[in-house]
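Examining the three-dimensional arrangement
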Amino acid sequence: MNERARPESIAATLERSPYFMPFSMNRAFKKAPRLMARAEGMYYYTPEGRKILDGTSGLWCVNAGHCRKPIVEAVQKGVATLDFAPSFQMGHPLAFEFAERLTKFLPEGMTKIFFTNSGSESVDTALKLALAYHRVRGEGHRVRLIGREKGYHGVNFGGTAVGGIVGNRKIFGALVAGVDHIRHTHDLQRNAFSRGQPKHGAELAEDLERLTQLHDPSTIAAVIVEPVACSGGIFVPPVGYLQKLREICDKHGILLIFDEVITGWGRLGKPFATDHFGVMPDLITSAKGITNGTVPMGAVFMKESLYEAFMTGPELAIELPHGYTYSAHPLACAAGLGTLKVYEDEGLLTRAAELAPYWEEAAHSLKDCPNVIDIRNIGLIAAIELAPRAGAPSARGLEAHVKAFEKGCYMRVSGDTIALAPPLIVQKSEIDQLFGTAREVLKSVA
Ligand SMILES: Cc1ncc(COP(=O)(O)O)c(C=O)c1O
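Cut-offs and rules
- Residues numbered from 1 in each chain as written.
- Predicted model: local features only at pLDDT ≥ 70, side-chain atom pairs only at ≥ 80, totals over all residues.
- Domains from an automatic or database assignment.
- Contact = placed C-beta atoms within 7 Å.
- Helix = DSSP H or I, 4+ residues; strand = E, 2+ residues; numbered from the N terminus.
- Pairing = 2+ DSSP bridges.
- Axes fitted to C-alpha atoms, helices over the stretch in contact; angles between N-to-C directions.
- Buried ≥ 20, exposed ≤ 12 C-beta atoms within 10 Å, placed from the backbone.
- Parallel < 35°, antiparallel > 145°, perpendicular 65-115°, else oblique.
- Left-handed = near helix turned anticlockwise from the far one by under 90°.
- Core = buried A, V, L, I, M, F, W, Y, C linked by C-beta atoms within 7 Å.

So, about the domain arrangement of the chain. What the domain assignment lists for the chain is domain 1 (34–64 + 347–444) and domain 2 (69–345). Here domain 1 and domain 2 have C-alpha centroids that lie 26 Å from each other. On the side of domain 2, 28 residues touch domain 1, which itself brings 32 residues to the contact. At the level of elements, α3 (57–60), α15 (348–364), β11 (372–378), β12 (381–386) and β15 (417–420) are the ones that each hand at least two residues to the side of domain 1 that touches domain 2. Take the side of domain 1 that touches domain 2: its biggest share by element is nine residues, from α15.

A sheet is described by the order of its strands in space; here seven strands give the open sequence β4-β10-β9-β8-β7-β5-β6, paired in mixed fashion. Taken across any chain shown, the strands that pair with only one partner, and hence form the sheet edges, are β4 (110–116) and β6 (179–182). Strand-to-strand, the axes of this sheet are offset by a mean angle of 25°, without reference to chain direction. In this sheet, strand β10 (residues 298–303) lies alongside strand β9 (residues 283–286) in antiparallel orientation, the contact comprising four bridges. Residue pairing in the sheet places Ser 286 in a bridge with Ala 299 of β10.

With that out of the way, let us pick up the pairing of β12. The buried fraction of β12 is high, at six of six residues. Neither face of β12 is left uncovered, since the one carrying Ile 381, Ala 383 and Glu 385 and the one carrying Ala 382, Ile 384 and Leu 386 both have all their residues buried. Two strands pair when backbone bridges link them, and β11 and β12 are joined in this way by six bridges, in the antiparallel orientation. By the bridge assignment for β12, Asp 374 is matched with Glu 385. Direction of pairing for β12 relative to β15: antiparallel, over a ladder of four bridges. Considered in β15, the bridge of Ile 384 is made with Ile 418.

Two elements in contact, helix α4 (residues 69–81) and helix α14 (residues 330–345), have axes separated by 8 Å at closest approach and are oriented at 155°. Accordingly, the angle class assigned to the pair α4 and α14 is roughly antiparallel. When the axes of α4 and α14 are compared, the crossing they make is right-handed. Contacts between α4 and α14 involve Pro 70, Ile 71, Ala 74, Val 75, Lys 77, Gly 78 and Val 79 on the former and, on the latter, Pro 330, Leu 331, Ala 334, Ala 335, Leu 337, Gly 338, Thr 339, Lys 341 and Val 342.

This part covers the nonpolar core. Buried together is how nonpolar side chains tend to be arranged in soluble globular proteins. One finds Ala 130, Ala 222, Val 223, Leu 245, Leu 255, Ile 257 and Leu 283 to be the most contacted residues of the largest nonpolar core, which totals 120 residues. It is α14 that contributes the most residues to this core, nine residues altogether. Residues lining this core come from more than one domain, with at least three contributed by each of domain 1 (34–64 + 347–444) and domain 2 (69–345). Filtering out sequence-adjacent residues up to four positions away, Leu 245 remains in contact with Ala 205, Leu 208, Val 223, Val 225 and Leu 256.

This next bit is on the sheet that holds β15. Backbone hydrogen bonds hold the strands of a sheet together, and the pairing may be parallel or antiparallel. In spatial order, the strands read β11-β12-β15-β14; together these four strands make up an open sheet with antiparallel pairing. The open sheet has two edge strands with one neighbour each: β11 and β14 (412–414). For this sheet the average axis-to-axis angle between neighbouring strands, irrespective of direction, equals 20°. Along the sheet face, α15 touches β11 and β12 and points at about 175° away from the line of β11. Where helix α16 (residues 395–406) meets the sheet, its contacts fall on β12, β14 and β15, and the angle it forms with β14 comes to roughly 175°.

Here it is in structure tokens:
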């Protein structure tokens, strides 16, 4: 057996490992690691062979389940055919084929696609596109970008700046100039234990008007929000909130960007949250489920008018000086084509709508568990918010995460909120297992 594959040896060397883990408690993790060595369908397997139910689709990305054959085979074939091809002033057929196929799944009116390699890159691309769009149309005075408190838009400079999670921002300096934030929509007092969209809070969208009055609307290029804010703790938009944001943006000529890195690809029961809520943004950022997490990829989808605004100068000029070495990487395109096939063949992009009522009941059945102060749900997403321990925020959440793993379920936590979003192939029996385990865990976490 290869030395590197031996579980005992992996665990023994972890404490000295050079691997600086992302968004992790490196020292604590390396002393007591939680490792996944293999995956199939709804399950991970630890190096010792323990089966772990995947309650959060990896990192909200494995929407079709793990190691799906059509995707694996597409990648295997792809890598043996074309390992890499430059995308600057050159191309390869899969990029064009994938873009064409993608358009069939996008909300009506989203017709053009810019490829990136992650959600963070999609966000920064969308922000740059918004600024450049105004500039090429003679509105270069629109330089401000607006995000929302508690929002998560990845970790690049633009995304960190428009993001609204304090812990992700505070140690990284002044970030990007010209950014402001509207208020978040989390309101335990009025909305705790809402099922689906909370009733109260549409008026919070009017906070955008406060910023238009402060800065003058003519200085604002774009507003970016997650239709359902996920990584910051799962906040479902109040009824009417997104519609109001759209109205205010329209009134002032501000672009609206929906960050659908998580909400895209079937999570809410329609291909995109844009379809679910019936509110059309100008740009959509995507990643994760676009390739089922198999090969890193992201994309920005945009309205025809945005693309057309750039196609006006001399033909022998580069219209957008932006892109990544790996934009439209052939392997990612192959994985994406395989992924779309699975989504389509198995009807996965609407499956969450069928399961949502069962999911909602299962989630809210935990209401009587110790320390639960709120439960939120939409589509195949659920949040179980726990009261923080006095003086130790996030400790209770972390303990729940670790105990769930010990009991055979992977559940992500955001602070003291347990976040559940299983692959869209989940069966009712697995939903029972997930919430049954959550109940046991909650009973054992003091
Ligand atoms: C809404 C949203 N935007 C952007 C990102 C960043 O994506 P990535 O980690 O692929 O850069 C995430 C990641 O969770 C996300 O949830």
